Amino acid sequence: MKKVKEYLNSSVLTKIIIALAVLLTLVALFVVVSHRTPNSGDSVADGDTCKTVVVVSSGDTLSGLLSAQGLSHNQINEIARVLKSGAGITGLRAERDKIEFVRSDDESPVNKIVVIPSPWRQVELTCDNGGAWKCNTVDIQRDTRAVYKSGVILDGDSFYLAGMRAGIPAGILTDVYDLLAFEMDFERDVRAGQKFSVLYEENFSKGTKVDNGHVLAVSFDALRGNVKMYRFKKSDGSIGFYNEKGDGAIKSLKRTPINNAKVTSSFSTRRKHPVLGFTRAHKGVDFRAATGTPIPAAGAGRVVKRGYNSGHGNFIRIRHNGSFETLYAHMSKFKKGVNVGTVVKQGQIIGFAGSTGLSTGPHLHYEVIKDGKHVNPLTVKLPAINNLDGPNKKKFLEYREALDQGIEYLSSHPNMFIVL
Ligand SMILES: [Zn+2]
């Protein structure tokens, strides 16, 4: 903690470092809070007989739900107007939004409506005696903790299995996988005995866990060395992930566009073609993928080809910034709205896996073309995006050192967390 105190005395402190220093001081002073509150996603439970809670399902409309509660046509119009002008809400989202209807007793009309578009926001509509509705938005206090989980790969394990065993929630594990996939080839780099860890956020409301937040730091002992990544906010407010030296961890392209997909055929300059029978180069990598599996764009770019040929079947080719292009073949269908000229983001779905063209079964055939030449997607050196400039790099390195101290502490105190 000495380092942290030095930061506090320094005149070049950033807010981030102060926040972290304070947080690490908290770790040192109080942190022994045994956690593991039961993971109770939504928590609406009270014995109030005058409150009706409705989870919006598909097909529900605001007016339909209000009408079912006995509200008049005029009141419904008024409520819709107030919701729009006061909270910007124009419609309900099935399986996401909740609405509470409150009456002063069983027989009374509804005099309060609470629309809950997220666990962190409530829109309260109240009706005064004159019958006029007013709208008030309440932000729910969120307490965020950073928790640390670590695990080890066992014989015959996948990273997913090992991660689940380590108690890492599935959503966090997916994020971790997405990050590590920029640096690692999960097919070849994962072996029994390798250790990994993640520091991530858990969000609480009034002591009850509501959801998980961001991944803050990741570490994996890969074959080619320890891979570490840290989430960091630059002075302009933009957020990225960086390796321990402060180089951008997010690359311009993903090596494996589909998460956790098994490589069924590697890149090679010569291989026996499974359908044609004769030896021919395999210019890409094949990933096992069931028909209909969404295919995300490996990087940001512009669709330059979308079509069909006898070899590739339905395929899309994307030109990325710099000298890279990627190609996705054997698609069952294209994503609606993705055409030649469409600008896509990294991770945006462009189509769906299939077995069109020369193919023995559903899979994604993925090619990376650099300066017009096919290269191995799993090994080609990819440029990082969102690198840090000098001042940001300096701040990052200080932040990273402080965060590492926190991680070090948590790694030997498994039931503790950092209050953020
Ligand atoms: Zn292929």
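Residues numbered from 1 in each chain as written. Predicted model: local features only at pLDDT ≥ 70, side-chain atom pairs only at ≥ 80, totals over all residues. Heavy atoms only, no water.

K.L.:
So what exactly am I meant to see when it comes to unusual backbone geometry here?
P.N.:
The bulk of non-glycine residues show a negative phi, and the bulk of peptide bonds are trans. Unusually for a residue other than glycine, Glu95 sits at a positive phi of about 65°. Along the chain, Glu95 falls in the loop between α4 (73–87) and β2 (98–102). Among the residues examined, Glu95 registers a relative accessible area of 59% and is labelled exposed. Backbone geometry at His330 places phi at a positive 70°, although glycine is not the residue there. On the accessibility criterion, His330 (4% relative accessible area) is buried. (Helix = DSSP H or I, 4+ residues; strand = E, 2+ residues; numbered from the N terminus. Buried < 20%, exposed > 50% of the residue type's maximum accessible area, 1.4 Å probe, protein only.)

K.L.:
Looking at this model, I keep getting lost on the pattern of salt bridges. Mind explaining?
P.N.:
For side chains of opposite charge, pairing can occur when their charged atoms come near one another. As enumerated under the stated definition, the model contains 12 salt bridges in all. Among the salt bridges present, the one from Glu325 reaches Arg319, with a minimum N-O distance of 3.0 Å. In this structure, a network of salt bridges that share partners links the residues Arg317, Arg319 and Glu325. (Salt bridge = Lys/Arg side-chain N within 4 Å of Asp/Glu carboxyl O.)

K.L.:
Any chance you could explain the sheet that holds strand β4 (residues 121–127) here in plain terms?
P.N.:
Pairing between the strands of a sheet comes from backbone hydrogen bonds, and it takes one of two forms, parallel or antiparallel. Reading across from one edge, β1-β2-β3-β4-β5 is the order of the 5 strands in this open sheet, with antiparallel pairing throughout. At either margin of the open sheet sits one strand with a lone partner, and together these are β1 (51–55) and β5 (133–139). Averaged over all pairs of adjacent strands, the angle between strand axes in this sheet comes to 15°, irrespective of strand direction. Bridge count between β1 and β2: 5 bridges; the pairing is antiparallel. Its bridge partner being in β2, Val55 is matched across the sheet by Lys98. Across the sheet, α4 touches β3 (112–118), β4 and β5, and the angle it forms with β5 is around 40°. (Pairing = 2+ DSSP bridges. Axes fitted to C-alpha atoms, helices over the stretch in contact; angles between N-to-C directions. Contact = heavy atoms within 4.5 Å.)

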